[in-house]
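Given next are the chains, with one letter for each unit.
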Amino acid sequence: MRKISIITLIFSVIASSLAVANEVNVFNARHYKADSELYSKFTNMTGIKVNLINGKSGALEKRIISEGADSSADLYITADAGRCGAMDAKGTLQSGLTSAAIKDAVPKSFRTNKWVGIAKRARIIYYSPERVTGAELSGMTYEGLADPKWKGRLVIRKSSNIYNKSLVASLIKNNGKAATAAWAEGVVANMARTPTGNDRAQIMAVAAGEADIAVANTYYLALMLSGKKGAEQQEAAKKVKAFFPNQNDRGTHMNVSCAALVKGAPNKTNAVKLVEFLLAPESQEHFTNNTFEFPMIDGVSPSPLVVNNLGLDFKQDMKTKLASYGKNQAAAVEVMTAAGWK
C-alpha cells in the first residue's frame, strides 16, 4: 500500500509539473480585443494556456521589477521599443528570443536577443492640404520640424509620451545630443499650443485649423477613418494628409509593439513558442486588419485603410537600431525638458 501511495504521489507531482509547463504568463500592456483573439487561437493550436495579466505599461513594469526573481511573468508585451529597451536596462529581461523562426521573421534592427518587434508603426507628419503647400513639404525631415517657417503651426504630444521619447532618442542616435537639444528648442518655439491630448487629438487639431502640421503614429489615422472612434473623428481624419519624413536620407522613423522575455520566466519555452506564433503570417494578418499596424514580416499586406490612405511605397529607417531608443531615453527626456517641452 505504501508503494502504491509513493507511486501515486510521484505521478501527481509529474502531472502538476506538466500542468505548469503547459501555460505561459503574459504581462500585457496592449489592450486590444484582437490580441486576446490571437491568444485564444494559440491555445487552441498548441494546448498552451495563455494567462493574461492586463494593465498599463507603468504598473506592469513596476510589478515585474518589484517581484524580481519571484515574478510569474514570462513575456512583457507592450507598445514601443523604448519601453522594452528601458526594461532591459533595468536588468529585468533575459536572452532567449533567438530561434531561427524569430531571426528569419524580424529584421535585425527591430530586435535584440531579449525582445523582438511583433508589429510595426511609423511616426509621421500629418498636414492640412488647404494650408500646407507641396513646396513646404518638399524634402521634409524630422529635423525640419524646428524650421522657423513652422512657427505657431505645429502640434505634438507631451515630452513624457513614450512615442516622443523614442523619436527624440533616435534623433540623438543619428545627430548627437547637442544638435538634438537645439532641435528641441526649435520644436517648442514652433508649437501652436501647449502639448495636450493623444495622437488622435493632434490630428483633430489640424483638421480643426488649430495647427497646420501634427506628429502622430500611422495607425491612428486608419483607426479614425475606420469609424471605430466615432463620426467626428472619422470626418476629421478625412481632412488631413499623411507625409513620410526623411525619404531622401535614412528613411521614416519606425517603432514596434514588442514582446520581451522576462528574466526568470517560469515557462520560457512556451514564451518563445508564443512569440513565434505572433510572427506567423496568419497572426500578422490579424494584427494588420484589426490594429492597423504594419506587418513585421514580409509577404503580408497592411489593412486596406492603411494602404489606401497612407501607402506602402515609403522608405523605412532600417539603419537606426531600435535598441538605441531605450539607451538614449534618459538623454531624450533631458533635452526635451531643457527646451521647455511640456
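Since the model is a prediction, treat every value here as computed from it, not as a measurement.

Membership of the largest hydrophobic core comes to 79 residues, with the highest contact counts inside it found for Tyr76, Trp115, Leu274 and Leu278. Per-element tally for this core: the top contributor is helix α10 (residues 218-225), with seven residues. Trp115 has contacts with Ala81, Cys84, Gly85, Leu93, Leu97, Phe110, Val256, Cys258, Ala259, Ala260, Leu322 and Ala323, leaving out every residue within four places of it along the chain. Listed in part, the 29 residues of the second largest apolar core include Met140, Ile156, Met191 and Ala339.

Okay, unusual backbone geometry next. Glycine aside, the phi torsion of most residues is negative, and most peptide linkages are trans. A positive phi angle, near 60 degrees, is found at Asn246, a position not held by glycine. Mapping Asn246 onto the fold places it in the loop between β7 (241-243) and β8 (254-261). Given the relative accessible area of 1%, Asn246 is considered buried. With a phi angle near 65 degrees, Phe292 is a residue other than glycine that sits in the positive phi range. By the element assignment, Phe292 lies in the loop between α13 (281-291) and α14 (304-309). Exposure remark for Phe292: the relative accessible area of 4% places this residue in the buried category.

A few words on the state of the cysteines. Evaluation of the coordinates by the stated rule reveals one disulfide. The partner cysteine of Cys84 in its disulfide is Cys258, sulfur to sulfur 2.2 Å. With the S-S dihedral at roughly 100 degrees, the linkage between Cys84 and Cys258 falls on the right-handed side. In this pair, Cys84 sits in helix α4 (residues 81-89) while Cys258 sits in strand β8, placing the two residues 174 residues apart along the sequence. You can call Cys258 buried: its relative accessible area is 0%.

What follows is about the layout of surface pockets. Space inside the largest pocket adds up to approximately 650 Å³. Considering the residues around the largest pocket, the lining is formed by 28 residues, among which Ala29, His31, Tyr32, Tyr163 and Tyr220 are closest to the centre. Among the residues making up the lining of the largest pocket, the classes are represented as 10 nonpolar, eight polar and 10 charged. Taken as a whole, the second largest pocket encloses approximately 200 Å³ of empty space. Of all elements in the fold, only α3 (57-67), α4 and α7 (162-175) reach the threshold of two or more residues within the lining of the second largest pocket. Residue classes in the lining of the second largest pocket are distributed as two nonpolar, five polar and four charged.

Another aspect to go through is the pairing of strand β4 (residues 115-127). Within a regular strand, side chains alternate between the sheet's two faces. Counting buried positions along β4 gives 13 out of 13 residues, so the element sits mostly inside the fold. In terms of strand pairing, β4 meets β8 through seven bridges, oriented antiparallel. Of the residues in β8, the one forming a bridge with Arg121 is Asn255. Bridge analysis of β4 against strand β6 (residues 213-217) gives five bridges, and the strand direction is antiparallel. Residue pairing for β6: Ile125 is matched across the bridge by Val215. One ladder, built from three bridges, connects β4 with β7; its direction is antiparallel.

Moving on, we come to the pairing of β8. Of all the eight residues making up β8, eight are buried; the element is thus mostly covered by neighbouring parts of the structure. Residue alternation in β8 divides its side chains into two sets, Met254, Val256, Cys258 and Ala260 and Asn255, Ser257, Ala259 and Leu261, and both sets are buried. Both strand β3 (residues 75-79) and β8 contribute to a ladder of five bridges, which runs antiparallel. Within β8, the residue paired with Ala79 across the bridge is Ser257.

Where helix α2 (residues 33-46) contacts helix α12 (residues 268-278), the two axes come as close as 11 Å, and the packing angle between them is 120 degrees. Taken as a pair, α2 and α12 cross one another with a handedness that is right-handed. Where α2 abuts α12, its residues Leu38, Tyr39, Lys41, Phe42 and Met45 lie against Asn270, Lys273, Leu274, Phe277 and Leu278. Its residues placed into classes, the contact of α2 with α12 shows seven nonpolar, one polar and two charged.

What counts, and where the lines are drawn
Residues numbered from 1 in each chain as written. Predicted model: local features only at pLDDT ≥ 70, side-chain atom pairs only at ≥ 80, totals over all residues. Heavy atoms only, no water. Core = buried A, V, L, I, M, F, W, Y, C linked by side-chain atoms within 4.5 Å. Buried < 20%, exposed > 50% of the residue type's maximum accessible area, 1.4 Å probe, protein only. Helix = DSSP H or I, 4+ residues; strand = E, 2+ residues; numbered from the N terminus. Contact = heavy atoms within 4.5 Å. Disulfide = S-S within 2.5 Å. 1 Å grid on protein atoms, 1.4 Å probe; cavity = no way out; pocket = protein on both sides within 12 Å on 5 of 7 lines; lining within 4 Å. Points joined across faces, edges and corners; volume = space filled by probe spheres on them. Nonpolar A, V, L, I, M, F, W, Y, C, P; charged D, E, K, R; others polar. Pairing = 2+ DSSP bridges. Axes fitted to C-alpha atoms, helices over the stretch in contact; angles between N-to-C directions. Left-handed = near helix turned anticlockwise from the far one by under 90°.

Limitation: the analysis is restricted to geometry and does not speak to function.
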